[in-house]
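# Secondary and tertiary structure notes
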Protein chains: 2
Amino acid sequence: MTTGGPPTVETIAERAGVSIASVSRVLNGHGARPDTVRRVERAATELGYVPNAVARSLKGGRSLQLTFAMQDIGNPVYVSMVRQIQAITKAHGYRLLLHSTDAVVEDELAVVRSLADRTSDGLVLCPIRITPEHLEALRGAAQPVVVIGSLPDDAEPPVDSVRADSVTGAELAVRHLIRTGRRRIAFVNGPADTVPGRNRYRGYRAALADCGLASDPALVTNTDFTIEAGTEALHRLLDEDRAGSGSGPGRLDAVFCANDQLALGAAHALHARGLRIPADVAVAGMDDTSLTRASWPPLTSVDLGSAERGRIAAEMLLDRITERDGTSRAPARTETVTPRLVVRASSAPAETANAAQDAQDAHPPNTAHTAAENGQEVTR
Amino acid sequence: MTTGGPPTVETIAERAGVSIASVSRVLNGHGARPDTVRRVERAATELGYVPNAVARSLKGGRSLQLTFAMQDIGNPVYVSMVRQIQAITKAHGYRLLLHSTDAVVEDELAVVRSLADRTSDGLVLCPIRITPEHLEALRGAAQPVVVIGSLPDDAEPPVDSVRADSVTGAELAVRHLIRTGRRRIAFVNGPADTVPGRNRYRGYRAALADCGLASDPALVTNTDFTIEAGTEALHRLLDEDRAGSGSGPGRLDAVFCANDQLALGAAHALHARGLRIPADVAVAGMDDTSLTRASWPPLTSVDLGSAERGRIAAEMLLDRITERDGTSRAPARTETVTPRLVVRASSAPAETANAAQDAQDAHPPNTAHTAAENGQEVTR
DNA sequence: GTGAAAGCGCTAACAC
DNA sequence: GTGTTAGCGCTTTCAC
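Residues numbered from 1 in each chain as written. Chains lettered and ligands numbered in written order. Predicted model: local features only at pLDDT ≥ 70, side-chain atom pairs only at ≥ 80, totals over all residues. Heavy atoms only, no water.

For chain A, the name recorded in an unreviewed UniProt entry is LacI family transcriptional regulator, with Streptomyces armeniacus as its organism.

### Focus: empty space enclosed by the protein
Here is the rule: Note on definitions: the grid is 1 Å and covers protein atoms alone; a cavity is a set of points where a 1.4 Å probe fits but cannot get out; a pocket is an open set with protein on both sides within 12 Å along at least five of seven lines; lining residues have an atom within 4 Å of a point. Grid points are joined across faces, edges and corners, and a volume is the space filled by probe spheres set on the points. The residue classification treats Ala, Val, Leu, Ile, Met, Phe, Trp, Tyr, Cys and Pro as nonpolar and Asp, Glu, Lys and Arg as charged. All others, Gly included, are polar. Strands here mean DSSP runs of E at least two residues long; helices mean DSSP runs of H or I at least four residues long; both are numbered from the N terminus.
The final tally for this structure, using the stated rule, is three cavities of 30 Å³ or more. Estimated volume of the largest cavity: approximately 130 Å³. Looking at the largest cavity, it is lined by 14 residues, and the ones nearest its centre are Val 54 and Gln 65 of chain A together with Val 54, Ser 57 and Gln 65 of chain B. Across the lining of the largest cavity, the residue classes break down as four nonpolar, eight polar and two charged. When its volume is computed, the second largest cavity comes out at roughly 40 Å³. Here the lining of the second largest cavity gets three residues from one element, more than from any other, and that element is helix α11 (residues 260–272) of chain A. Classifying every residue of the lining of the second largest cavity by side-chain character gives eight nonpolar, two polar and no charged.

### Thoughts on the confidence of the model for chain A
This is how the line gets drawn: As a per-residue measure, pLDDT reflects the predictor's confidence and takes values from 0 up to 100. Every residue pair with non-hydrogen atoms within 4.5 Å of one another is taken to be in contact.
Put simply, chain A has an average pLDDT of 89, and 88% of its residues get 70 or more. Low pLDDT, under 50, characterises residues 355–380 of chain A; the stretch is placed with 36 contacts to residues that sit more than four places away or in other chains.

### Quick look at the sheet that holds strand β1 (residues 65–70) of chain A
The following threshold applies: Pairing between two strands is assigned when DSSP locates at least 2 bridges connecting them. Axis angles are defined between N-to-C directions and span 0 to 180 degrees, where every axis is a line fitted to C-alpha atoms and, for a helix, only to the segment in contact.
The strand order across the open sheet formed by 12 strands is β11(A)-β5(A)-β4(A)-β3(A)-β1(A)-β2(A)-β2(B)-β1(B)-β3(B)-β4(B)-β5(B)-β11(B), and the pairing between neighbours is mixed. Lying at the two open borders of the sheet, with one neighbouring strand each, are β11 (334–337) of chain A together with β11 (334–337) of chain B. On average, adjacent strands in this sheet sit at an angle of 20 degrees to one another, irrespective of strand direction. Direction of pairing for β1 of chain A relative to strand β2 (residues 95–100) of chain A: parallel, over a ladder of six bridges. Bridged to Met 70 of chain A within β2 of chain A is Ser 100 of chain A.

### With respect to the protein's contact with DNA strand D
The following threshold applies: Residues are classed as near a molecule or strand on a simple rule: at least one heavy atom within 4 Å of it. Polar contacts, as used here, are pairs of N or O atoms within 3.5 Å; protein pairs need one atom able to donate a hydrogen and one able to accept it. Residues neighboring in sequence count only if both atoms are side-chain atoms.
The local shell around DNA strand D holds 25 residues, among which Val 9, Tyr 49 and Arg 56 of chain A together with Arg 25 and Thr 36 of chain B are the closest. Within 4 Å of the protein, atoms of DNA strand D come from sugar and phosphate in 58% of cases. In this structure, a phosphate oxygen belonging to DNA strand D sits 3.2 Å away from a main-chain N or O atom of Asn 52 of chain A. Between DNA strand D and the protein, one listed contact pairs a base oxygen with a side-chain N or O atom of Lys 59 of chain A at 3.3 Å.

### Let's talk about the interface of chain A and chain B
The following threshold applies: Buried area: the sum, over both parts, of the accessible surface (1.4 Å probe) that disappears when the two are put together. Each salt bridge in this description consists of a side-chain nitrogen of Lys or Arg and a carboxyl oxygen of Asp or Glu lying within 4 Å of one another.
Listed per partner, the contact involves 48 residues of chain A and 47 residues of chain B. Note on chain A versus chain B: buried area summed over both sides is about 4,300 Å², and carbon and sulfur give 62% of it. Per-residue buried area on chain A facing chain B is highest for Val 54, His 268 and Trp 296 of chain A; these three make up 14% of the total on that side. At the boundary of chain A with chain B, the tally comes to six salt bridges. Close ionic contact of Arg 83 of chain B with Asp 72 of chain A constitutes a salt bridge, the shortest N to O distance being 3.2 Å.

### Considering the pairing of strand β9 (residues 282–286) of chain B
Looking down a regular strand, the side chains alternate between one sheet face and the other. All names here are of chain B. Cut-off, in case you're wondering: Accessible area is worked out with a 1.4 Å probe on protein chains only. A residue is then buried under 20% of its type maximum, exposed over 50%, and partly exposed in between.
When you tally the buried positions in β9, you get five out of five residues, the bulk of the element. Along β9, one buried face is formed by Ala 282, Ala 284 and Met 286 and the opposite face, lined by Val 283 and Gly 285, is buried too. The pairing of strand β8 (residues 254–257) with β9 spans three bridges and is parallel. By the bridge assignment for β9, Phe 256 is matched with Ala 284.

Below you can see the structure in the form of structure tokens.
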């Protein structure tokens, strides 16, 4: 008999005068006599019945939940990923579990291992760094995993992945700065011992070399990915640049930064010194976060496709999950998202900067031009 | 017997040569003979056993999951809430489900009702607006709910809630602007038909009145909570202000904005017109999001405690959940978070602004002073 | 088309 | 202490 708790199939069955099997069938639309359908639906409505999803999961072997794990949701890059992932999982009837690892490796591994607790049908993971332990954990994952980031160039990667092409991205930005007349281009990079740090530096060097410009080590610096660090780094570079101007070809005329936070920090340093952006120094960042529009002048940035990576990761994950119901398992895929330069006022050519400034009075320079217009610039 | 699937208590029991009950006891630390403990733990380790959390939930009646539902994670205010909530739920052994309602009322109601599916042990809800349907749904919620926002001032509110005091918050900002010498203070507000919109306007009016300043309707405007809307709104106000300057006491010397996005937009308009911040026009926003430090000069803003509201909401929810194991149900609580003014360079006094500008060359004006210093200013 | 019954994996009485 | 057993709420054979 039915107790005082929330209604269950049994409660409905009693009320409708049928068996619990019929209740289940009607509720899942598996066909029944019209009369039965009517009585069950009536009872369910009257009792305000809501199926117990946990019991369903246990029986069905699927939780209808997906997990997204990243360092810290405070980073705008992850915010755009979450938005995409959330939208897609929701559209497919999955709930989204959010997990912040706070950049603790052990926590990342724990997330992968906890896939075995059947709480989640799959995982999108943004690791800070891929260690051998990661690879082992991924290989033994109890549920499908998609990694956002760069897996080692292995013959057989353990899981699907989506990566940004930050080498090309950095090249795009630096070429753009050169093409618009800049010659002494500083580079404020993040930590050197990370994959993004290395790749963005490679892109910077490559673009300079391709355009026949020497790369001056005094113009490159590494620091943390924060606004404050960017400000401090640029003050330092400017001090040194001024001090050594006797030997060098003159003051720097552009700053390329490894992400938008650094670029904003750099812009602050320039403002504080009374240097004009872009008339005196052009500035460009990476990631094309919402900060680009918060900055004045609006910040040129390279969109490394954080939203798109989120979307692709979610889709890959859902593919794997539906695939599993099928037969064979396809080999792991690796997708690379094409970067896109978004030009805004912070990198307008120096010669036309003043004219542009006047024009801004009427039309604030929020209009962005993408690399589509100058796609041919991208050679690689 | 055991099939090829993932290991279960039964698999372990067979391997350890004990009953499944003993396995369960050992795994939950309920005491057993040392020998039994050893054998079970050994078997579990060897098999890489991970308990099925879904089965546990079904048996235990708790999912160990909590839900946070808000409009859109893209809004920085929600990001700081999520961070806090995530940290607290994690510390208490709960997973966090994220739900974006996209400001669709029907979706918000669905979230509340879906608490009956036992997928989540509780909900923190940030509704865009509280309708009678909301109240009804909240009253019948199958699990504890905490609302972040203003419930109607009812004798018995349906659930716990945490609210910001944006009336006082707006007053703080406007009083600060007045105290630092501003007299014609414009107000760029969000939509007028929302609770925040109404309250911020009340605070603005109250501060002006208290200081004996007339409030000029021509200085107040309503628009959307976006950067672009802020830019457009301020251009409009400036145009009108200039046009009617014959009758008015002169051009506006400060802008108070109902959130940081609007304030950044307003700052863009000022920059585009060549007006200096804060020398010509002071700017202040609300919410104290990360955008305040992205702006140049750094933006004065009122911290309405989004992080703290998130923290309190999560704690209230956990209280309710543990309480339920106890006896009686305490009446619904309502907490109000005290706003805090964070003064940055965008609102430095006009007279000293130029001197301050020079000082910034050495020390970028990132140092913030909180209302703690001038707390007595808050009279209400 | 419908009902009886098994079983998803686990925990907790209950007897021994 | 330990094993047997019931049962959380649901879906799905399997007979009828």
